[in-house]
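Coordinates in review
Residue-level listing of the chains:
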Amino acid sequence: MQVVLAQPRGFCAGVTRAIEIVERVLERHGAPVYVFHEIVHNQWVVNDLRSRGAVFVDTLAHLPAGSQVVFSAHGVSAAVVAQAQHLGLHSVDATCPLVNKVHQQAQRFVRQGRTLLMIGHAGHEEVVGTMGQAGAPVHLVSQVGDVAALNLPTGKPLAYVTQTTLSLDDTRDIIAALHARYPDIVGPEVDDICYATQNRQVAVRALAAQVDLVLVVGARNSSNSNRLREVAAHDGVPAHLVQDASDIRPEWLRAPALDTLRVGVTAGASTPEVLVQEVVAALRQRHAGPVVQLAGVREDTRFRLPVQLAVPVV
Ligand code: SF4
């Protein structure tokens, strides 16, 4: 068996920044530090921060005034920001700057008097946050079939924004359907899909071309991890999402034959490398030979921390 690793994989700049923000707030203020929603969609990361004093909450309503609260990398609605202020909480915003960029774009389109559509998955925290930042009602489109069913107010120009972690291919199809029905609609093309999502989808496609099986290490609720599995499967390679090594099923490792099997491994943007290495170690225990890493884009994107946290406590 050969193990082939995709490059790039795992943590993106937005996830690294969000985790560092929680760590620095803990350093400065001590536990508890409340985090609104999972800071990133990965249980290992959440449990690690929880063990150091982070408390994850889905509502701000019962937090004591004066508490420290961090908003997750996915962003929050304007109503949540206002509620935190109203309750006297000290909030730190760990929203990824690329999600913030989409918020600003949505607000710009609304200021231009446009009816706004969002391409994204219903209920995903980023989508809820962006729709709640736009300052006007937003119409959600999740798949091509939704476009024909849209019933938009007439007389106003249209615009769309997209979730940052979508499939490049699906989004292109939805945008094409929107342009076919509303020729004057404007939007950012696929630019809202962030660099990390794009790089990981390109990398998993290159990986899928070389292996018999793809394992994507990532959480079940991680949008970009699910998209990586879909991209590999779409290219005709059996692909499975595994949260960690314990999810690997022996029956996946049989075809075409164990000694010639090539297993590709990648990871979503919220998955720590430690989980990837555990998966690699588990595969090597099953007679894997050397591990090969594909060439790919070297990412050097870094996002600045909020100004109040920029200097570490000494
Ligand atoms: Fe930011 Fe993209 Fe990472 Fe999401 S996946 S946190 S948008 S860099």
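As the structure is a computational prediction, the values presented were derived from the model and not from experiment. Sequence positions are assigned chain by chain, starting from 1 and proceeding in written order. Thresholds applied to this predicted model are a pLDDT of at least 70 for local features of residues and 80 or more for the giving and counting of side-chain atom pairs; totals over whole chains, interfaces and linings are not thresholded and use all residues. To get the side-chain values, take all heavy atoms of the structure and skip hydrogens and water.

1. Side note on empty space enclosed by the protein
- Note on definitions: the grid is 1 Å and covers protein atoms alone; a cavity is a set of points where a 1.4 Å probe fits but cannot get out; a pocket is an open set with protein on both sides within 12 Å along at least five of seven lines; lining residues have an atom within 4 Å of a point. Grid points are joined across faces, edges and corners, and a volume is the space filled by probe spheres set on the points. Counted by the stated rule, this structure contains one cavity of 30 Å³ or more.
- When its volume is computed, the largest cavity comes out at roughly 290 Å³.
- The wall of the largest cavity is formed by 25 residues, among which Cys12, Val15, His74, Thr165 and Asn224 lie closest to the centre.
- Put simply, the parts of the chain that give the lining of the largest cavity at least two residues each are helix 1 (13-29), helix 4 (97-111), helix 8 (195-208) and helix 9 (223-234).
- The helix and strand labels rest on DSSP assignments: H or I over at least four residues marks a helix, E over at least two residues marks a strand, and numbering proceeds from the N terminus. Residue contributions to the lining of the largest cavity peak at three residues, all from helix 8.
- Split by residue class, the lining of the largest cavity holds 13 nonpolar, eleven polar and one charged. Three classes are used: nonpolar for Ala, Val, Leu, Ile, Met, Phe, Trp, Tyr, Cys and Pro, charged for Asp, Glu, Lys and Arg, and polar for all others, with Gly counted as polar.

2. Section: the sheet that holds strand 11 (residues 262-267)
- Think of it this way: DSSP has to see at least two bridges between two strands before they count as a pair. Read across the sheet, five strands follow the order 10-9-11-1-12 without closing on themselves; strand pairing throughout is parallel. The strands lining the two open edges of the sheet, one partner per strand, are strand 10 (239-242) and strand 12 (291-293). Strand-to-strand twist of the sheet, defined as the mean angle between neighbouring strand axes without regard to direction, takes the value 25 degrees.
- As defined by bridge partners, strand 1 (residues 2-5) adjoins strand 11 across four bridges and the pair is classed as parallel. Along strand 11, the bridge assignment pairs valine 3 with valine 263.
- Helix 8 rests against strand 1, strand 9 (213-217) and strand 11 of the sheet, and its axis sits at about 175 degrees to strand 11. Here an angle of 0 to 180 degrees is reported between the N-to-C directions of two axes, which are lines fitted to C-alpha atoms, with helices fitted over the stretch in contact. Throughout, a contact is declared for two residues whenever any of their heavy atoms are within 4.5 Å.

3. Details of the pattern of salt bridges
- Salt-bridge detection follows one rule: a side-chain nitrogen of Lys or Arg within 4 Å of a carboxyl oxygen of Asp or Glu. This model, assessed by the stated rule, comprises twelve salt bridges.
- We note a salt bridge from glutamate 20 to arginine 24, for which the minimum N-O separation is 3.2 Å. You can see glutamate 20 and its partner arginine 24 sitting in helix 1, four residues apart, about one turn around the helix.
- Only protein chains enter the calculation, and the probe is 1.4 Å; a residue is then buried if its accessible area is under 20% of its type maximum, exposed if over 50%, and partly exposed in between. Given a relative accessible area of 27%, glutamate 20 falls into the partly exposed group.
- The class for arginine 24 is buried, based on a relative accessible area of 12%.
- A salt bridge links arginine 227 to glutamate 230; the shortest N-O distance between them is 2.9 Å. Here glutamate 230 and arginine 227 lie together in helix 9, a separation of three residues that amounts to about one turn.
- The class for glutamate 230 is partly exposed, based on a relative accessible area of 30%.
- Shared partners join several salt bridges into a network, and the residues in it are Asp169, Arg172, Arg205 and Asp235.

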